[in-house]
Amino acid sequence: MRHPNQATLALHSGGDLGPFARWRTSRHLAQCERCREEVAAFDEVRQSLPGLAEVPDLPWNRLAAEIKANVRLGLAAGECVRSVDPPLRQSGLIHGGRVVVAFACAAVLVVTGMVLERPVPSAAPEEGPLVQNTPYGIEVTAGGETLGLTNNGVQRVTYSLDAQGSMGARYVDPETGYVTVNTVYVQ
Amino acid sequence: MFNNVRLNNAQNRLWLLGLLGASCLLAQDAALPNCSVTVDVPNDAPVALLGISNAPCSATAHGPALMLDLHLSLTLKNTGVNRIHGVTLRVVSQEAALGGVGSVYQPSLNVGPGEAFPVHIDTELMRTAQLAGGPAVQVHLDGVLFQDLTFYGPDRLHSRRIMTAGEMEAQRDRDYLKRLLAEQGLPALRQAMLRIQARQDSVPRLQGRVVRGRTLTTAGVAAAAPEREEKFAFLQFPDSPVEPVQGSLRIAGNEARTPVIDVRNRSGKAVKYVELGWVLTDPAGRDYLAGSMPSTDSNFSLAPGSTARVRQDSTLGFSTGGQPVSIQTMTGFVTQVEFADGKVWVPSRRNLENPFLAKVLAPSIEEERLASLYVRKGIETVVEELKKF
């Protein structure tokens, strides 16, 4: 069976696929438990980090205006040097203009990058430490920070949950043949 | 010539700017420097660190957070005179800052003096800020268990009890398989390996979450269902030194909260730790092993004949295949008892062969290891392995 890739499953989870892709993915999910689990994991992540589900209100108009202004600045700089006698390539001003444009574009790029990065995981505020298993292992999250122990890609894993606040994951290490028991604890 | 040089300089500046801009974007995946690891093995420990090999650490910036992905392979050597049967390492990330800690326990070892063995640690860290100057991960030796059940280590994670119980279960299962081999021969041992494999595949599995104190309720499932008090049902093992007497918990949808169980010591020895397993039954009658409930209060003490209360102020949530599992009933049974003298009791195979438990319990650690050995190397290797213990 050919499985949809992670991006398709993520888009399906968020309801962002087109009609045909959605239909095709739904048909696959009806037959494939593994992919259903992947989608469920995406759902869970989206629910626990609601901030991730939406692009924040970016000041797109302001950013666009800044970019336009910088482009105009560059063009204006170009116009300034056009009337000067020496050939264009020999003008010192045009180099200065290019540098100004380049700096302006770089500044816009950096500002945009910073704004876009800011909303990413503000790691859903939990009142107390949370211990849980994930598709890749087990983790403890406290104060927005996470410590996880992963299963080294092993599929057959036995998890155990402890009411005191710990979780274990046990598997046979495929390289060594030894059993590994990972545990995360709330302290 | 001069102008050409200037032009080249300008182009270089543009390239530099481009690279800077690109690096801003690529910083999302770039390796960051703070992937350092320290491994703390005391000088007087019965193991020595021979080497660490770590795959390249991947550090990924996610907005204000930083995700580190570390894969370590430690090689430890038995420098003592006893055979080592278990090792536990404590894994912390700038301990003071994080409320959690991890451990990697390698059970069912059989490492003689002078022999070396590997321990793999695969860890992920996500922090909200750039890591401070210290190591990203610290690994400390928490305990070493020897063949004769003696122990070495600081035991900050109760490794002594955990490894002793694990070793007793392993001895129990090895003894059973050795007896099977002696009495019924190779075909019976092969059948036993296949049964373990089948059980490993068929046991229903839950995903779980636990927080202390409050409700989890992310999916709103628990919020939609009214909370009710449910009494525990109990499975009694005739030879258990402790028996569960009564217990209850609060249930709402797929969440169980604040479990309380009264236990009675029916042995002649003082008990300092009791652990009970839970089996969850959903409204459709499907059973799952949900978890365990330890008596972790350091003051817990159960004199012979006395009764005490085991209570956890926590909330557990359960799901399978991404779907919440509603809780209809809970059934408890004793899985471990530690006496005041450090001796540990674990259920016998006869106890675990109870048809209700046999449906939900995964094979033990030793059964899983031996069955894996059988799959990879055949039944003769399993026989040789059993002879080593």
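Residues numbered from 1 in each chain as written. Chains lettered and ligands numbered in written order. Predicted model: local features only at pLDDT ≥ 70, side-chain atom pairs only at ≥ 80, totals over all residues.

A short note on the overall build of chain A
And step 1. For chain A, the count of helices and strands is six helices and six strands.
And step 2. Listing each helix as α and each strand as β along chain A from the N terminus yields α-α-α-α-α-α-β-β-β-β-β-β.
And step 3. Restricting the contact set of chain A to residue pairs at least 6 apart, pairs at least 24 apart contribute 42%. (Helix = DSSP H or I, 4+ residues; strand = E, 2+ residues; numbered from the N terminus. Contact = placed C-beta atoms within 7 Å.)

Section: the pairing of strand β6 (residues 100-106) of chain B
Residue and element names in this part refer to chain B.
And step 1. Burial analysis of β6 places seven of its seven residues in the buried class, the great majority of the element.
And step 2. Burial along β6 is two-sided: the face carrying Gly100, Gly102, Val104 and Gln106 and the face carrying Val101, Ser103 and Tyr105 are both buried.
And step 3. With five bridges joining them, strand β5 (residues 84-92) and β6 adopt antiparallel strand pairing. Counted as the bridge partner of Arg90 is Ser103 from β6. (Buried ≥ 20, exposed ≤ 12 C-beta atoms within 10 Å, placed from the backbone. Pairing = 2+ DSSP bridges.)

A look at the pairing of strand β3 (residues 145-150) of chain A
Residue and element names in this part refer to chain A.
And step 1. Counting buried residues in β3 gives six out of six residues, a clear majority hidden from the surface.
And step 2. Side chains Glu145, Leu147 and Leu149 of β3 all project onto a buried face; the interleaved residues Thr146, Gly148 and Thr150 project onto the opposite face, where all are buried too.
And step 3. Sheet topology note: the strand β2 (residues 137-142)/β3 ladder contains six bridges and is antiparallel. If you follow Ala142 over to β3, its bridge partner there is Glu145.
And step 4. If you look at the hairpin formed by β2 and β3, you'll find two residues sitting between the two strands, and Gly143 has a positive phi there, around 60°.

Structural notes on the environment of Val263 of chain B
Residue and element names in this part refer to chain B.
And step 1. In this structure, Val263 sits in strand β14 (residues 255-265).
And step 2. We classify Val263 as buried; it has 27 C-beta atoms within 10 Å.
And step 3. The sequence separation of Val263 and Gln246 amounts to 17 residues, and the corresponding C-alpha distance is 7.4 Å.

Concerning helix α7 (residues 365-377) of chain B
And step 1. Between the first and last C-alpha of α7 of chain B there are 18 Å, a value that for 13 residues agrees with the 18 Å anticipated at 1.5 Å per step.
And step 2. Buried within α7 of chain B we find Ile365, Glu366, Glu367, Glu368, Arg369, Leu370, Ala371, Ser372 and Tyr374 of chain B.
And step 3. The elements touched by buried residues of α7 of chain B are β5 (166-172) and β6 (179-186) of chain A together with α2 (159-184), α3 (186-202) and α8 (379-387) of chain B.
And step 4. Positive backbone phi, approximately 100°, marks Gly378 of chain B, located one or two places after α7 of chain B. (Expected span 1.5 Å × (residues − 1).)

Details of the confidence of the model for chain B
All names here are of chain B.
And step 1. The predicted model of chain B has a mean per-residue pLDDT of 86, with 84% of residues at 70 or higher.
And step 2. Predicted confidence is poor over residues 1-33, with pLDDT under 50, and the contacts of this stretch with residues over four places away or in other chains come to 28 contacts.
And step 3. Prediction confidence for the complex, expressed as pTM and ipTM, is 0.71 and 0.86 respectively. (pLDDT = per-residue confidence, 0-100.)

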